[in-house]
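Below are the chains, spelled out letter by letter.
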Amino acid sequence: MKILVINWQCIKNPFGGGAEVHFHEVFKRIASAGHDVTLFCSMFDGALPKETIDGIKIIRKGTRNTFNFTVYKTFRNPNSYKEYDVIVDDINKIPFFTPRFIKKPIILLCHHFFGNAIFHEAGLVRGTYVYYAESMIGKVYRNTHVAVVSESTKQECIEKGLNPELMSIVPNAINQQEFPMKVGEKYDFPCIAYFGRMKKYKSVDHLVKAFAIVTEPFPTAQLHLLGKGDFLPYLESLSKELGIYDKCKFFGYVSDVDKIRLLGLSDIVVNTSIKEGWGITNIE
């Protein structure tokens, strides 16, 4: 089959997260099975307009902030997508509303919706724009087949007005050779870890504030923060303000090998996000 996937970002995008990892891991396997997979996504500084990664043909066009409009302008002409057998619309920010202008079989891939959490991240004006776009999902995608990653996401989709008879739960997964599901060696001090993007709506500041309380009965405890994002400078400043900077370690980006090792050494891993589907980071 010839498959076109539309997503905001690719695996190389510095703003990418779990949704990009999910897409890449799933569709590189689909490509290796003999299918023709093309990803249409936004550009970023230093990126090539076209390249192939792990058998996935990547076409980059438009900017991150206006990519939904780029999708419409690119594919409103039927000739632009006539070669593809199926379109995968990956909801990972503002919906593309592809059923309104693409007349081919469409599968909606849905991780979760922002809901009210978007206002914590984007503020009132931009948050209202995203919130309104999500409110239109049920109307636009009502007759579209939907792949969701969890039961909780399925219930969200039903609440948005999507047809439950057209939904399939395709659970997130991890490589069990890399994550052997056993307790290994731990640090010789109590360690709490967070792994994920450092974004405001992820509420990592709640963890930093809570950890300041934990250090009173457990003075040797450490907080390890794995990941990057534009909220990181604030978190560093907050830890200094609370007098716990020396007990917090900000790793920034970590490789897959280091991620597995560091999570395994920790006693507790905390997910603080206001709003998520059952994400890969939870399983890891």
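See the structure printed just above.
Quick look at the structure, then.

In strand 3 (residues 50–53), alternate side chains face the same way, and those of Glu51 and Ile53 are buried while those of Lys50 and Thr52 on the opposite face are not. One ladder, built from four bridges, connects strand 3 with strand 4 (residues 56–60); its direction is antiparallel. Residue threonine 52 lies in a different strand from strand 4, and its bridge partner there is lysine 57. Taking the residues that link successive antiparallel strands as the turn, the strand 3-strand 4 hairpin has two residues, and the phi of aspartate 54 there is positive, at about 55°.

Residues other than glycine predominantly adopt negative phi, and peptide bonds predominantly adopt the trans conformation. Although it is not a glycine, phenylalanine 97 sits at a positive phi angle of roughly 55°. Within the fold, phenylalanine 97 resides in the loop between strand 5 (86–91) and strand 6 (106–110). Residue classification places phenylalanine 97 among the buried positions, given a relative accessible area of 17%. Unlike most non-glycine residues, serine 203 shows phi in positive territory, near 60°. With respect to the element layout, serine 203 can be found in the loop between strand 9 (191–195) and helix 6 (204–214).

As a further point, take the sheet that holds strand 12 (residues 268–269). The four strands lie next to each other as 11-10-9-12, forming an open sheet whose pairing is parallel. In this open sheet, the two edge strands, each paired with only one partner strand, are strand 11 (248–252) and strand 12. As defined by bridge partners, strand 9 adjoins strand 12 across two bridges and the pair is classed as parallel. In the sheet register, alanine 193 faces strand 12, and the bridge partner there is valine 269.

This paragraph deals with the sheet that holds strand 1 (residues 2–6). An order of 3-4-2-1-5-6-7-8 is seen for the eight strands of this open sheet, with the pairing classed as mixed. In the strand order of this sheet, the two ends are held by strand 3 and strand 8 (167–169), each with one partner. With strand direction ignored, the average angle separating the axes of adjacent strands in the sheet is 25°. Direction of pairing for strand 5 relative to strand 6: parallel, over a ladder of five bridges. The partner of aspartate 89 across the bridge, within strand 6, is leucine 108. Contacting strand 6, strand 7 (145–148) and strand 8, helix 5 (residues 151–160) crosses the sheet at an angle of about 165° to strand 8.

Right, let's talk about the packing of aromatic side chains for a bit. All chains considered together, the criterion is met by eleven aromatic pairs. Here phenylalanine 40 and phenylalanine 75 contribute two aromatic rings whose centre-to-centre distance is 4.9 Å and whose plane-to-plane angle is 80°, an arrangement assigned as edge-to-face. With phenylalanine 40 in strand 2 (residues 36–41) and phenylalanine 75 in helix 2 (residues 67–75), this residue pair connects regions lying 35 residues apart in the sequence. Taking relative accessible area as the criterion, phenylalanine 40 reaches 3% and is therefore assigned buried. Grouping aromatic residues by their ring pairs yields a cluster made of Trp8, Phe40, Phe67, Phe75 and Phe96. Above the face of the tyrosine 245 ring, lysine 240 is positioned so that its terminal group lies 4.9 Å from the ring centre.

In terms of nonpolar packing, the biggest core is built from 33 residues, with Ile6 and Phe75 touching the most fellow members. Beyond its immediate stretch of four places on either side in the chain, phenylalanine 75 contacts Leu4, Ile6, Phe40, Ser80, Tyr81, Phe101 and Ile102.

Let us now look at the pattern of salt bridges. Per the stated rule, a full pass over the model turns up twelve salt bridges. Measuring nitrogen to oxygen at the nearest pair gives 3.6 Å for the salt bridge that ties aspartate 256 to lysine 259. Placement of the pair is aspartate 256 and lysine 259 together in helix 8 (residues 256–265), with a separation of three residues, close to one helical turn. Residue class for lysine 259 comes out buried when judged on its relative accessible area of 8%. The salt bridge partner of lysine 259 is glutamate 284, with a shortest N-O separation of 2.9 Å. Pair noted here: lysine 259 is in helix 8 and glutamate 284 is in the segment after helix 9 (280–283), with a separation of 25 residues, a long-range link. Owing to a relative accessible area of 23%, glutamate 284 belongs among the partly exposed residues under this scheme. One network of salt bridges, in which partners are shared, links Lys2, Asp36, Lys57 and Glu83.

Definitions and cut-offs
- Residues numbered from 1 in each chain as written.
- Predicted model: local features only at pLDDT ≥ 70, side-chain atom pairs only at ≥ 80, totals over all residues.
- Heavy atoms only, no water.
- Buried < 20%, exposed > 50% of the residue type's maximum accessible area, 1.4 Å probe, protein only.
- Helix = DSSP H or I, 4+ residues; strand = E, 2+ residues; numbered from the N terminus.
- Pairing = 2+ DSSP bridges.
- Axes fitted to C-alpha atoms, helices over the stretch in contact; angles between N-to-C directions.
- Contact = heavy atoms within 4.5 Å.
- Phe/Tyr/Trp six-rings, centres within 6.5 Å; stacked < 30°, edge-to-face > 60°.
- Lys NZ or Arg CZ within 6 Å of the ring centre and 35° of its normal.
- Core = buried A, V, L, I, M, F, W, Y, C linked by side-chain atoms within 4.5 Å.
- Salt bridge = Lys/Arg side-chain N within 4 Å of Asp/Glu carboxyl O.

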